[in-house]
Amino acid sequence: MPFQFESNGIEWVDEALGRRISLDGVGDLVDTLIDTTDEDEIDEILEILSEQPTAEEVKRWKRRFWLLLKWLYVALALVAAVGALTILDWENIQILLLAQLTWLDRFAQEVASGAVSKAEARRRMRMYVNSSRSAFWTVLDRVMRDAGYTEERWIAIGDANTCSPCNEADMMGWQPIGTFAEPGSGYVLRDPTTECQGLSLCRCRKEFR
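To keep things clear, this report deals only with the structure shown in the data block.

Rules of the game
Residues numbered from 1 in each chain as written. Predicted model: local features only at pLDDT ≥ 70, side-chain atom pairs only at ≥ 80, totals over all residues. Heavy atoms only, no water. Phe/Tyr/Trp six-rings, centres within 6.5 Å; stacked < 30°, edge-to-face > 60°. Helix = DSSP H or I, 4+ residues; strand = E, 2+ residues; numbered from the N terminus. Buried < 20%, exposed > 50% of the residue type's maximum accessible area, 1.4 Å probe, protein only. Lys NZ or Arg CZ within 6 Å of the ring centre and 35° of its normal. Core = buried A, V, L, I, M, F, W, Y, C linked by side-chain atoms within 4.5 Å. Contact = heavy atoms within 4.5 Å. Axes fitted to C-alpha atoms, helices over the stretch in contact; angles between N-to-C directions. Parallel < 35°, antiparallel > 145°, perpendicular 65-115°, else oblique. Left-handed = near helix turned anticlockwise from the far one by under 90°.

**Here we look at the packing of aromatic side chains**
For step 1, the next point in the chain: If you walk through the whole model with that rule in mind, you get six aromatic pairs.
For step 2, the next point in the chain: Measuring from ring centre to ring centre gives 5.9 Å for Trp-154 and Phe-180, while their planes differ by 50°; the resulting arrangement is tilted. With Trp-154 in strand β4 (residues 151-155) and Phe-180 in the loop between β5 (175-176) and β6 (187-189), this residue pair connects regions lying 26 residues apart in the sequence.
For step 3, the next point in the chain: Taking the relative accessible area as the measure of exposure, Phe-180 reaches 0% and is therefore buried.
For step 4, the next point in the chain: Here the aromatic cluster, defined as three or more aromatic residues joined through ring pairs, consists of Trp-61, Phe-65, Phe-107 and Tyr-128.
For step 5, the next point in the chain: Positioned above the aromatic ring of Trp-103 is the side chain of Arg-106, whose terminal nitrogen or guanidinium carbon lies 4.9 Å from the ring centre.

Okay, here's the thing in structure tokens:
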């Protein structure tokens with residue numbers, strides 16, 4: 001891999017070019033990848049569906065979208081682990097993807113019944129795409145624990161989807177790793193389980209020490 005992870009400064013290091021990217025910078029890369037996927041892929045996949053989609057169209061649409069989600073989840077997990085995914089990482093990614101597949105099955109049924117307009121389908125597809133950031137944070141939690149980090153802090157990003165639970169988590173300051181859920185997962189706190197009102201559209205981040 002061209003990049004190495006340097007735990008002391010929490011940086012992704014390109015040794016060949018002497019380039020160093022901070023956690024904040026990698027967070028920006030994650031956002032860019034997700035946003036680009038929103039712009040370039042979703043409309044193309046939606047074109048598979050006619051105004052009154054046939055069963056075959058829905059099947060093709062679901063298959064294409066599912067392949068995109070799998071690619072995105074794995075790609076963002078690889079970014080967090082600098083390519084060195086563990087067996088536990090793969091198991092956790094599989095759990096995340098299986099949860100999304102359950103929701104996607106129901107989504108496809110609604111599309112097939114005509115209950116969902118193309119505009120609504122586009123909005124919901126973007127939520128699925130944004131949920132892939134949870135793969136990045138799930139793997140990064142493991143990476144930081146392995147590197148000896150013990151505390152994390154929730155960073156409310158302050159955009160239109162930032163909700164009260166996210167702002168309250170931000171005010172909690174430093175907490176033991178595992179206190180907060182993964183941004184993009186639809187949750188903020190693990191115990192007590194606290195849902196994010198922005199659901200998978202949440203773009204908040206975490207810091208570690």
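**What about the nonpolar core?**
For step 1, the next point in the chain: Trp-61, Phe-65, Phe-107, Phe-136, Leu-140 and Phe-208 are the most contacted members of the largest nonpolar core, which has 48 residues in total.
For step 2, the next point in the chain: Within the residue set of this core, elements represented by two or more residues are α1 (23-40), α2 (42-46), α3 (55-81), α4 (87-113), α5 (118-131) and α6 (133-146).
For step 3, the next point in the chain: For this core, the element with the highest residue contribution is α3, accounting for 12 residues.
For step 4, the next point in the chain: Non-local contacts of Phe-208, meaning those with residues more than four positions away in its chain, are made with Ile-10, Leu-23, Trp-137, Leu-140, Asp-141, Met-144, Tyr-149, Glu-151, Glu-152, Trp-174 and Ile-177.
For step 5, the next point in the chain: Among the nonpolar cores identified, the runner-up in size contains 11 residues, and Cys-163, Ala-169, Val-188 and Leu-189 belong to it.

**Looking at unusual backbone geometry**
For step 1, the next point in the chain: Pro-192 follows Asp-191 through a cis peptide bond whose omega is 0°.
For step 2, the next point in the chain: Position of Pro-192 among the secondary structure elements: in the loop between β6 and β7 (194-195).

**Describing the packing of α1 against α6**
For step 1, the next point in the chain: Orientation of α1 relative to α6, taken along the N-to-C sense of each, is 150°, at an axis distance of 10 Å. Taken as axis vectors, α1 and α6 run roughly antiparallel relative to one another. By crossing handedness, the relation of α1 to α6 is classed as right-handed. Side by side, α1 and α6 meet where Leu-23, Val-26, Val-30, Asp-31 and Ile-34 of the first sit next to Arg-133, Phe-136, Trp-137 and Leu-140 of the second.

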